[in-house]
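Residue-level listing of the chains:
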Amino acid sequence: MKFRPCIDLHSGKVKQIVGETLDANPGRVVENFVSEHDSAYYASMFKRDALTGGHVIMLGGGNEEAALNALREYPGGLQIGGGITADNAAKYLEAGASQVIVTSYIFRDGELNMDNLKRIVSEVGKDKLVIDLSCKQKDGSWFVVTNQWRTFSSFQVNEANLRELESYCSEFLVHAVDVEGKRTGILESLVKQLADWVTIPTTYAGGARSLEDLELFRRLTGGKLDITIGSALDIFGGNLSYDEVVAYCSRG
């Protein structure tokens, strides 16, 4: 079990926001935290602490310069997502990203677009590709959601579908949309199922707020999954000690 740090960028600044409030109207975005530090500051921190496999996420436009600054500060240490396509992925890898993360490019019009998936794999290789499965529960099952987490796709997150996707990527990043940014605790049923289903490195994001949550997560997953924590951390305005999280997860 690894701690995967994150740098979320919105309008060029490092922020923690409630993802479901992302909207074309910036006045409707609920911000938990807006940092006085730039992206390179956090990248330097993660580099100092030898944290690998974290991610930089560009939430909308106006974030490219900040994202590139983070990648240059910690080359090979951070993944990048947000608007990644087969046409621009190579640029971010050349700038220092360890891997690129895709979501909307491969989920189009409520369906998994296999043509786009195969195209980006041909451009960067499966070892450089992370698939983001942002999901919500409906009728007792988990489905990928798109359109800034407002639209349900037909793609169900289950063992069979994950196994198919594993042949195209090296990792999954799974956002539990219902609790992301809300600091209400992890979604226990989802993390237990993911641990049973996946056979490649998988990072869970959503709701973690305490060391007790980390202990629960480790117990439910047997240490098989990694975890990312955002707005609950003291470095992002929360009450959970970043240093304590790093120390706890370094135990393996």
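From a predicted model like this one, the values you see are computed outputs, not experimental measurements.

> If you had to explain the overall build of the protein to someone new, which residues and values would you point to?
In terms of helices and strands, the protein carries eight helices and 14 strands. Across its three principal directions, the C-alpha atoms of the protein cover 40 × 40 × 35 Å. Buried positions account for 59% of the 252 residues belonging to the protein. Roughly 10,500 Å² of accessible area belongs to the protein as shown, and the carbon and sulfur atoms make up 44% of that amount. Each charge sign in the protein was given a centre, from 26 positive and 34 negative side chains, and these centres are 1 Å apart.

> Describe the environment of Glu 166, naming the residues involved and giving the relevant values.
With respect to the element layout, Glu 166 can be found in helix α5 (residues 159-166). The exposure class assigned to Glu 166 is buried, which follows from its relative accessible area of 6%. The sequence separation of Glu 166 and Ile 235 amounts to 69 residues, and the corresponding C-alpha distance is 33 Å. Apart from residues no more than four positions distant in its own chain, Glu 166 is found in contact with Lys 126, Phe 172, Trp 197, Val 198, Thr 199 and Ile 200. Side chain to side chain, Glu 166 and Arg 163 meet in a polar contact 3.3 Å long. A polar side-chain atom of Glu 166 sits 2.6 Å from a polar atom in the side chain of Thr 199.

> Tell me about the pattern of salt bridges, and please be specific about residues and values.
Enumeration over the complete set of coordinates arrives at eight salt bridges. Ionic pairing is found between Asp 87 and Arg 119, a salt bridge with its closest N-O pair at 2.5 Å. Linking Asp 87 in the loop between β5 (78-81) and α3 (89-94) with Arg 119 in helix α4 (residues 114-124), this pair joins segments that are 32 residues apart in sequence. Residue Arg 119 is classed as partly exposed on the basis of its relative accessible area of 35%. Two residues, Arg 163 and Glu 166, come together in a salt bridge whose shortest N-O distance is 3.3 Å.

> Lay out unusual backbone geometry with the relevant residues and their values.
Positive phi, close to 55°, is recorded for Ser 11, a residue that is not glycine. If you trace the backbone, Ser 11 turns up in the loop between β1 (6-10) and β2 (13-17). With a phi angle near 55°, Ala 50 is a residue other than glycine that sits in the positive phi range. Considering the arrangement of structural elements, one finds Ala 50 in the loop between α1 (39-48) and β4 (54-58). A relative accessible area of 57% places Ala 50 in the exposed class.

> So, the packing of α1 against helix α2 (residues 64-73): which residues are in play, and what are the values?
As a packed pair, α1 and α2 sit with axes 8 Å apart at the nearest point and diverge in direction by 25°. On the basis of the axis angle, α1 is roughly parallel to α2. The crossing of α1 and α2 is right-handed. On α2, the residues touching Ser 39, Ala 40, Ala 43, Ser 44 and Lys 47 of α1 are Ala 66, Asn 69, Ala 70 and Glu 73.

> Could you give me a rundown of the pairing of β4, with the residues and numbers involved?
For β4, a buried count of five out of five residues is recorded, marking the element as mostly surrounded by other parts of the structure. As judged from the four bridges shared by β1 and β4, these two strands associate in the parallel manner. Bridged to Asp 8 within β4 is Ile 57. Two strands pair when backbone bridges link them, and β4 and β5 are joined in this way by four bridges, in the parallel orientation. Among the inter-strand pairings, Gly 54 is bridged to a residue of β5, identified as Leu 78. Between the parallel elements β4 and β5, the chain passes through α2 in a crossover that is right-handed.

> A description of the packing of α5 against helix α6 (residues 188-197) should follow, citing residues and the corresponding values.
Relative orientation of the contacting elements α5 and α6 amounts to 55°, with a least axis distance of 10 Å. If you check the angle between α5 and α6, you find them oblique. Judged by the sense of rotation from one axis to the other, the crossing of α5 with α6 is right-handed. Contact residues: α5 offers Glu 159, Leu 162, Arg 163 and Glu 166, while α6 offers Leu 194, Asp 196 and Trp 197. The residue makeup of the contact of α5 with α6, split by class, is three nonpolar, no polar and four charged.

Conventions we followed
- Residues numbered from 1 in each chain as written.
- Predicted model: local features only at pLDDT ≥ 70, side-chain atom pairs only at ≥ 80, totals over all residues.
- Heavy atoms only, no water.
- Helix = DSSP H or I, 4+ residues; strand = E, 2+ residues; numbered from the N terminus.
- Buried < 20%, exposed > 50% of the residue type's maximum accessible area, 1.4 Å probe, protein only.
- Areas by Shrake-Rupley, 256 points an atom, 1.4 Å probe, with all protein chains shown as cover.
- Lys, Arg positive; Asp, Glu negative; His and termini not counted.
- Charge placed at Lys NZ, Arg CZ, Asp CG, Glu CD.
- Contact = heavy atoms within 4.5 Å.
- Polar contact = N/O pair within 3.5 Å; in protein donor to acceptor, adjacent residues only side chain to side chain.
- Salt bridge = Lys/Arg side-chain N within 4 Å of Asp/Glu carboxyl O.
- Axes fitted to C-alpha atoms, helices over the stretch in contact; angles between N-to-C directions.
- Parallel < 35°, antiparallel > 145°, perpendicular 65-115°, else oblique.
- Left-handed = near helix turned anticlockwise from the far one by under 90°.
- Pairing = 2+ DSSP bridges.
- Right-handed = clockwise from strand over helix to strand, strands pointing away.
- Nonpolar A, V, L, I, M, F, W, Y, C, P; charged D, E, K, R; others polar.

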